[in-house]
Amino acid sequence: MRLSRFYIPTLKEDPSEAEVVSHKLLMRAGMIRKLTSGIYSYLPLGLKSVNKVAAIVREEMNRAGALEVLLPMVQPGDLWQETGRWDYYGKELLRVKDRHGRDYCLGPTHEEVITDLVRGEVKSYKQLPLNLYQIQTKFRDEIRPRFGLMRGREFIMKDAYSFDKDEAGAEESYRGMFEAYKKAFARIGLNFRPVQADSGAIGGDFSHEFHVLAETGEDTIAVCKDARCGYAANLEKAKIAAPAGESMLNAECPAIEEVATPGKHTVEEVCEFLGVSQDKLVKTLLFTVDGEPVAALVRGDRELNDVKLRNLVGGNEIEMASEEQVKEWTGAPVGFAGPVGLKIERIFADHELLSATDWIAGANKGDTHIRHLSLGRDCKIEQFADLRVITESDPCPECGAAIEFTKGIEVGHVFKLGSKYSKSMEATFLDENGKTQPMVMGCYGIGVSRIVASAIEQNNDENGAIFPPTIAPFELCVISLGGKDAAVNEKAEELYNELMEMGIDAAYDDRSERPGVKFADADLIGYPMQLVIGGKGLKNGIVEAKNRKTGEKIELPLEGFTEAFKVWRAEIWQSWGLESK
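Conventions and cut-offs
Residues numbered from 1 in each chain as written. Predicted model: local features only at pLDDT ≥ 70, side-chain atom pairs only at ≥ 80, totals over all residues. Heavy atoms only, no water. Helix = DSSP H or I, 4+ residues; strand = E, 2+ residues; numbered from the N terminus. Areas by Shrake-Rupley, 256 points an atom, 1.4 Å probe, with all protein chains shown as cover. Lys, Arg positive; Asp, Glu negative; His and termini not counted. Charge placed at Lys NZ, Arg CZ, Asp CG, Glu CD. Core = buried A, V, L, I, M, F, W, Y, C linked by side-chain atoms within 4.5 Å. Buried < 20%, exposed > 50% of the residue type's maximum accessible area, 1.4 Å probe, protein only. Contact = heavy atoms within 4.5 Å. Axes fitted to C-alpha atoms, helices over the stretch in contact; angles between N-to-C directions. Left-handed = near helix turned anticlockwise from the far one by under 90°. Nonpolar A, V, L, I, M, F, W, Y, C, P; charged D, E, K, R; others polar. Pairing = 2+ DSSP bridges. 1 Å grid on protein atoms, 1.4 Å probe; cavity = no way out; pocket = protein on both sides within 12 Å on 5 of 7 lines; lining within 4 Å. Points joined across faces, edges and corners; volume = space filled by probe spheres on them. Polar contact = N/O pair within 3.5 Å; in protein donor to acceptor, adjacent residues only side chain to side chain. Phe/Tyr/Trp six-rings, centres within 6.5 Å; stacked < 30°, edge-to-face > 60°.

1. Considering the overall build of the protein
Okay, so step 1: A tally of regular secondary structure across the protein gives 16 helices and 31 strands.
Okay, so step 2: If one aligns the C-alpha atoms of the protein with their principal axes, the spans along those axes are about 95 × 65 × 50 Å.
Okay, so step 3: Surface accessibility of the protein: about 26,100 Å² in total, with carbon and sulfur atoms responsible for 48%.
Okay, so step 4: Across the protein, the centroid of the 72 positively charged side chains sits 3 Å from that of the 92 negatively charged ones.

2. Quick word on the nonpolar core
Okay, so step 1: Of all hydrophobic cores here, the largest spans 62 residues; its most connected members are M61, I451 and F467.
Okay, so step 2: In terms of residue count, helix α6 (residues 167-188) provides more of this core than any other element does, eight residues in total.
Okay, so step 3: Among residues more than four places away in sequence, those in contact with M61 are A66, Y133, K158, A160, M177, A180 and Y181.
Okay, so step 4: Counting 25 residues, the second-largest nonpolar core is a separate cluster that includes V488, M529, A545 and L578.

3. A short note on the packing of helix α2 (residues 44-63) against α6
Okay, so step 1: One way to put it is that α2 packs onto α6 with a least axis distance of 9 Å and a crossing angle of 150°. Here α2 and α6 pass one another in a crossing that is right-handed. On α6, the residues that touch V53, I56, E59, E60, M61 and R63 of α2 are M177, A180, Y181, K183, A184, R187 and I188.
Okay, so step 2: Of the residues in the contact of α2 with α6, the class split is eight nonpolar, no polar and five charged.

4. Re the sheet that holds strand β18 (residues 359-362)
Okay, so step 1: As summarised here, the arrangement of the three strands in space is β13-β19-β18, forming an open sheet in which the pairing is antiparallel. Each having just a single partner strand, β13 (257-260) and β18 make up the two edges of the open sheet. Adjacent strand axes in the sheet meet at a mean angle of 35°, parallel and antiparallel pairs treated alike.
Okay, so step 2: Pairing between β18 and strand β19 (residues 368-373): three bridges, direction antiparallel. Among the inter-strand pairings, G362 is bridged to a residue of β19, identified as H369.

5. Some thoughts on the pairing of strand β2 (residues 39-42)
Okay, so step 1: Pairing of strand β1 (residues 32-36) with β2, which is carried by four bridges, proceeds in the antiparallel orientation. Paired with K34 across the strands is Y40, a residue of β2.
Okay, so step 2: With antiparallel pairing between neighbouring strands as the criterion, β1 and β2 make up a hairpin whose turn holds two residues, including G38 at a positive phi of roughly 75°.

6. Things to note about the sheet that holds strand β29 (residues 529-533)
Okay, so step 1: One open sheet holds the five strands; their spatial order is β28-β27-β29-β30-β31, and the pairing between them is mixed. Taken across any chain shown, the strands that pair with only one partner, and hence form the sheet edges, are β28 (506-509) and β31 (553-557). Between one strand axis and the next, the sheet turns by 25° as a mean value, whatever way the strands run.
Okay, so step 2: As paired elements, strand β27 (residues 476-480) and β29 share five bridges and run parallel to each other. Note that in β29 the partner of S480 across the bridge is I533.
Okay, so step 3: Its contacts with the sheet put helix α13 (residues 486-501) on β27, β28, β29 and β30 (542-547), and the angle it makes with β28 is roughly 170°.

7. As for helix α12 (residues 448-458)
Okay, so step 1: With respect to burial, α12 is a largely interior element, 11 of its 11 residues being buried.
Okay, so step 2: Buried residues of α12: V448, S449, R450, I451, V452, A453, S454, A455, I456, E457 and Q458, and no others.

8. Topic: empty space enclosed by the protein
To find leftover empty space, one rolls a probe the size of a water molecule over the atoms.
Okay, so step 1: The tally for this structure, following the rule as stated, stands at four cavities of 30 Å³ or more.
Okay, so step 2: Lining the largest cavity we find L3, I8, T10, C477, D509, R511, K518, D521, A522, I525 and Y527.
Okay, so step 3: Residue contributions to the lining of the largest cavity peak at four residues, all from helix α14 (residues 515-525).
Okay, so step 4: The class makeup of the residues in the lining of the largest cavity is six nonpolar, one polar and four charged.

9. Quick look at the side chain of R310
Okay, so step 1: By the element assignment, R310 lies in helix α8 (residues 306-313).
Okay, so step 2: One polar contact links R310 to N311, side chain to side chain, over a distance of 3.2 Å.

10. Considerations on the packing of aromatic side chains
Okay, so step 1: A complete count under the given rule lists 13 aromatic pairs for this structure.
Okay, so step 2: Look at Y181 and F210: their rings are 5.3 Å apart centre to centre, the planes differ by 55°, and that puts the pair in the tilted class. You can see Y181 sitting in helix α6 and its partner F210 sitting in strand β10 (residues 206-213), a full 29 residues away along the chain.
Okay, so step 3: Residue Y181 is classed as buried on the basis of its relative accessible area of 0%.
Okay, so step 4: Here F185 and F192 contribute two aromatic rings whose centre-to-centre distance is 5.6 Å and whose plane-to-plane angle is 40°, an arrangement assigned as tilted.
Okay, so step 5: Here F185 falls in the buried class, since its relative accessible area comes to 2%.

Spelled out as structure tokens, the structure:
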């Protein structure tokens, strides 16, 4: 493609609203433009990268036996009401009414639509397994869309849905998609990691996220340092083993006594005032789960994992108690809640609290705490369980080795849905014995547009983006420095045509711009390879070749260019962990 005829409106300065590096560089490189909050137009360069990601994902889905469909983005509300998600999905679901007053929504996901499609057609076990996927625009009405394509309201996604006759078949489908995802991300050329994850609003009982590893990632991942173990999970899911040794739940403990703590609301203030360390205090945290009051107890120096609490209770929506609710349930202002005399029936405690006794806690009375709390003697705990956020000082829950934290960007998610949707929507089939059974489902998503942004988050420098050759807008850019020198321009044209005949997706910068402008744009856009031809190089029979990833420059001979270029190109692909085609 001749850049003199291409639409690339680059910017010299970072847009004021852009916060993360991918947002800045996608805007500056002329790949996207903002239409409104969280909604972007894909310009020619940006769309080329998106389409290259989609092509790789599509090929791996097809190889795994999935079949492509295209489902409506506008979905009738009654399907969502069948599953109950119309009420609890939240404000992220953009609801609209048509001229007849009927409810619709813009699809953030398509479980209801695909289940409705399949239940109307599949009636026998002989028609299973079935795996259908699409690559389509989604809409999620984020409360604070930010970071460009990283967290927009409108985005391009691949979502697949598997239907099986039993759990064994569903497990096979899940593993097939898991392996297909690994192949797709490996082909894209990004450093990624699959991790155990929570299923969230999608539902289901088992899931993995695929993360592109980047220091700027929003998510923190707990990873076992022992490579032989391989354990990795996001912080919402990361397990903490139950404490070893004998339980101290019913160990001897002095009688409870109240102690005045005037104006001391926080853990830090109370512990400093009483002269004790924070691990001697029990925090009592109050929530509503699907509207029901729930209390959770964790050690004072720990952070509660509200996702674990929600899953333990078995709810969908969890919210921190309001100030008014705290006063109603404790009889005290915020900061003095405790498990003794609490007006909440359901109290859960982190199992780490089993390893000690003689705790300090709130007294459910203003400016007052209690000493010598025994959880077994003084209060009624419904269940002890893993409820806190893992820390880097915790051992790996699988092998006991040390763990470390790393940052990642979620770009894919695979779920085992079980019969959550098939039961509520009556998607059934007749098994080998003629009995009606619900289909066993799985759900598999990849953020196609988000991968483009995450590639930049992982690979960039002070000069711009650095794209893997598989998804760069152009794999290579031929830069002519000839100006009005017809011989240089003719040779650049010749090289460009030769590359096109080799099947290389190349751009040719034939613009009437200064060399500095051309070099700056090439680095900003992030072409993996640059070939520079000028008068001096032509005279000496060489072309300068630049590896954008390393900045290394070498000279390739014009005589025998094709073979020399193929060797150089293969080396660059190998540096990305890729095999050149």
